[in-house]
Amino acid sequence: MKRLVVRSAFMLCALFAHAVAAQADEVEDFYRDKRIEMFISSTAGGGNDLSARLIARFLPNHIPGRPSIVPRNLPGAGGVTAANHIYNIAPHDGTAIGMIQNSALFEPLYGNDKAKFDIQKINWVGSPNKDVGVLIIWNKVPVDTMEQARKRGLMLGVSGGLNATPAFYARVLASVFDMKIQMIAGYPGQNEAFMAMETGENEGYPSAFWSSLKAVKPGWIANKQIKMLLHFGSAPHPELAQVPFADTLLKDKPAARALMAVAAAPLAVGRPIMAPPEVPAARIKALREGLSATLRDPAYLSECGRQNLECNDPTSGEELRKIIVDAYESPPDLVQKIRQLNESN
């Protein structure tokens, strides 16, 4: 009897090993000689673009079959255009992924009926980092603190239109800190808004992501060409210890603090990479494991450092899903307030 049990256990292990091997062979056979399109929801040259293109260089080395990965910029509507394309139009077979601006994934929560995707059905691959937003102004603006900004008001450039992420954060900051912010819109991307800041067309930008700012404008930081009045996100950033953190400034205002926390939830997912629904589970597993291996690859990390990109706080696909689902389960009154701010114009 004992011998029979041992033999049965051995056979089960052998069958399991055979199934795993067959699954791996299927993934390798599928991806061999294939091309994966990696959609990037922002314009060329920004932090999202740099990060996505760097991952596209190294990720093929860690996917069975070593498919090529072709980056493709698909900007528009603060990332919603790319998210809609991946979810509804791109192939649902594992040959399409995308790095999406994090706020776009929360547009259905914010009541944006142009966001045609269900976050519960998206396959989350992972993210190379978490992020924080920074309220920056040009160094010639006669403001040094949030209190001075509250009294004087600011004229901030926003990219992507009045319904995109920067405008949303401008309205959130105006609400929770009771300050007047005039928005200058019409810039197609962050780089254009930054150029206008240099010429004095606007005074600053409401939501520069710290990881992007370090990558695309290191000279601004080193030469103190900008002032950083505030940073916000899920936790204070150690490199911004001298810059006030929103949650700390709002410690005596619980309602404003809670609103800021929900508004900042997208920053916790950093630069999320998504795949469409219905992709076979084995291929999603290969993409997730490939990304995880890429984010530990010494050559990738070295290049991250050279480009001043933040790559040291990755998030797995399952962790991404939990962060996003938790945000969608925020109290209804907070969600309603967020929707009101998102719909303002």
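Bear in mind that the values here come from a model prediction, so they are computed numbers and not experimental data.

1. Some details on the overall build of the protein
So, step 1. Within the protein one finds 14 helices and eleven strands.
So, step 2. Here the C-alpha radius of gyration of the protein, 22 Å, is about what a compact globule of 345 residues would show, namely 20 Å.
So, step 3. Per-residue burial for the protein yields a buried fraction of 53% across its 345 residues.
So, step 4. Partitioning the intrachain contacts of the protein with sequence separation of at least 6 by distance along the chain shows that 78% fall at a separation of at least 24.
So, step 5. For the protein, the exposed area adds up to about 15700 Å²; of that, 55% sits on carbon and sulfur atoms.
So, step 6. Between the mean site of the 37 positive side-chain charges and the mean site of the 34 negative ones, the protein shows a separation of 2 Å.

2. Brief notes about the pattern of salt bridges
So, step 1. The final tally for this structure, using the stated rule, is 19 salt bridges.
So, step 2. Where Arg257 meets Asp247, a salt bridge forms, and the shortest distance between an N and an O atom there is 2.7 Å. On the criterion of sequence distance, the pair formed by Arg257 in helix α10 (residues 254–263) and Asp247 in helix α9 (residues 246–249) is long-range, its members being ten residues apart.
So, step 3. Note on Asp247: relative accessible area 28%, which makes it partly exposed.
So, step 4. One connected set of salt bridges, linked through shared partners, spans Glu28, Asp29 and Arg32.

3. Re the packing of aromatic side chains
So, step 1. Evaluated as defined, the whole model comprises nine aromatic pairs.
So, step 2. Note on Trp138 and Trp220: the rings are 5.3 Å apart at their centroids and 75° apart in plane angle, and the pair reads as edge-to-face. In this pair, Trp138 sits in strand β5 (residues 133–138) while Trp220 sits in helix α8 (residues 218–222), placing the two residues 82 residues apart along the sequence. In this structure, Trp138 and Trp220 share a single accessibility class: buried.
So, step 3. Relative to Trp220, the ring of Phe194 has its centre 4.9 Å away and its plane inclined at 50°; by these criteria the two rings are tilted.

4. What to know about α10
So, step 1. Turning to α10, its buried residues number three or more, namely Ala256, Leu259, Met260, Val262 and Ala263. On an axial view of α10, the arc spanned by its buried residues comes to 160°, and they lie on one face.
So, step 2. Looking at the packing, one finds that the buried side of α10 touches α5 (165–176), β9 (226–232), α9 and α14 (332–343).

5. With respect to the packing of α5 against α10
So, step 1. Contact geometry for α5 and α10: axes closest at 10 Å, N-to-C directions at 170°. Accordingly, the angle class assigned to the pair α5 and α10 is roughly antiparallel. In this structure, the crossing between α5 and α10 has a hand that is left-handed. Residues Phe168, Tyr169, Val172, Leu173, Ser175 and Val176 of α5 pack against Ala256, Leu259, Met260 and Ala263 of α10.
So, step 2. When its residues are assigned to classes, the contact of α5 with α10 shows nine nonpolar, one polar and no charged.

6. Here we look at the pairing of strand β6 (residues 154–159)
Walk down a regular strand and you will see the side chains alternate between the two sheet faces.
So, step 1. Extensive coverage of β6 is indicated by the burial of five of its six residues.
So, step 2. As paired strands, β6 and strand β7 (residues 181–187) are joined by five bridges and run parallel to one another. Paired with Leu154 across the strands is Ile181, a residue of β7.

7. Let's talk about the side chain of Asn342
So, step 1. The residue Asn342 is located in helix α14 in this model.
So, step 2. Leaving out residues up to four positions away in the same chain, Asn342 has contacts with Glu107, Tyr110, Asn163, Phe168 and Arg171.

8. Considerations on the sheet that holds strand β4 (residues 123–127)
So, step 1. Pairing is mixed across the open sheet formed by six strands, whose spatial order is β2-β1-β3-β10-β4-β11. At either margin of the open sheet sits one strand with a lone partner, and together these are β2 (68–73) and β11 (315–316).
So, step 2. One ladder, built from two bridges, connects β4 with β11; its direction is antiparallel. Residue Ser127 lies in a different strand from β11, and its bridge partner there is Thr315.
So, step 3. Packed onto the sheet, helix α3 (residues 80–88) meets β1 (35–40), β2, β3 (96–99) and β10 (273–275) and runs at close to 30° relative to β10.
So, step 4. In the packing of helix α11 (residues 281–294) onto the sheet, the strands contacted are β1, β3, β4 and β10, and the crossing angle to β4 comes to about 5°.

9. Topic: the layout of surface pockets
So, step 1. Within this model, the largest pocket holds a volume of roughly 450 Å³.
So, step 2. Contributing to the lining of the largest pocket are 30 residues, with Ser42, Gln101, Ser159, Gln190 and Tyr205 lying nearest its centre.
So, step 3. Those elements giving two or more residues to the lining of the largest pocket turn out to be α2 (47–58), α5, α6 (190–199) and β8 (204–209).
So, step 4. Of all the elements, β8 adds the most residues to the lining of the largest pocket, at three residues.
So, step 5. Partitioning the lining of the largest pocket into residue classes produces eight nonpolar, 21 polar and one charged.

Quick notes on the rules
Residues numbered from 1 in each chain as written. Predicted model: local features only at pLDDT ≥ 70, side-chain atom pairs only at ≥ 80, totals over all residues. Heavy atoms only, no water. Helix = DSSP H or I, 4+ residues; strand = E, 2+ residues; numbered from the N terminus. Rg over C-alpha atoms; globule rule 2.2 N^0.38 Å. Buried < 20%, exposed > 50% of the residue type's maximum accessible area, 1.4 Å probe, protein only. Contact = heavy atoms within 4.5 Å. Areas by Shrake-Rupley, 256 points an atom, 1.4 Å probe, with all protein chains shown as cover. Lys, Arg positive; Asp, Glu negative; His and termini not counted. Charge placed at Lys NZ, Arg CZ, Asp CG, Glu CD. Salt bridge = Lys/Arg side-chain N within 4 Å of Asp/Glu carboxyl O. Phe/Tyr/Trp six-rings, centres within 6.5 Å; stacked < 30°, edge-to-face > 60°. Arc of directions from axis to C-beta. Axes fitted to C-alpha atoms, helices over the stretch in contact; angles between N-to-C directions. Parallel < 35°, antiparallel > 145°, perpendicular 65-115°, else oblique. Left-handed = near helix turned anticlockwise from the far one by under 90°. Nonpolar A, V, L, I, M, F, W, Y, C, P; charged D, E, K, R; others polar. Pairing = 2+ DSSP bridges. 1 Å grid on protein atoms, 1.4 Å probe; cavity = no way out; pocket = protein on both sides within 12 Å on 5 of 7 lines; lining within 4 Å. Points joined across faces, edges and corners; volume = space filled by probe spheres on them.

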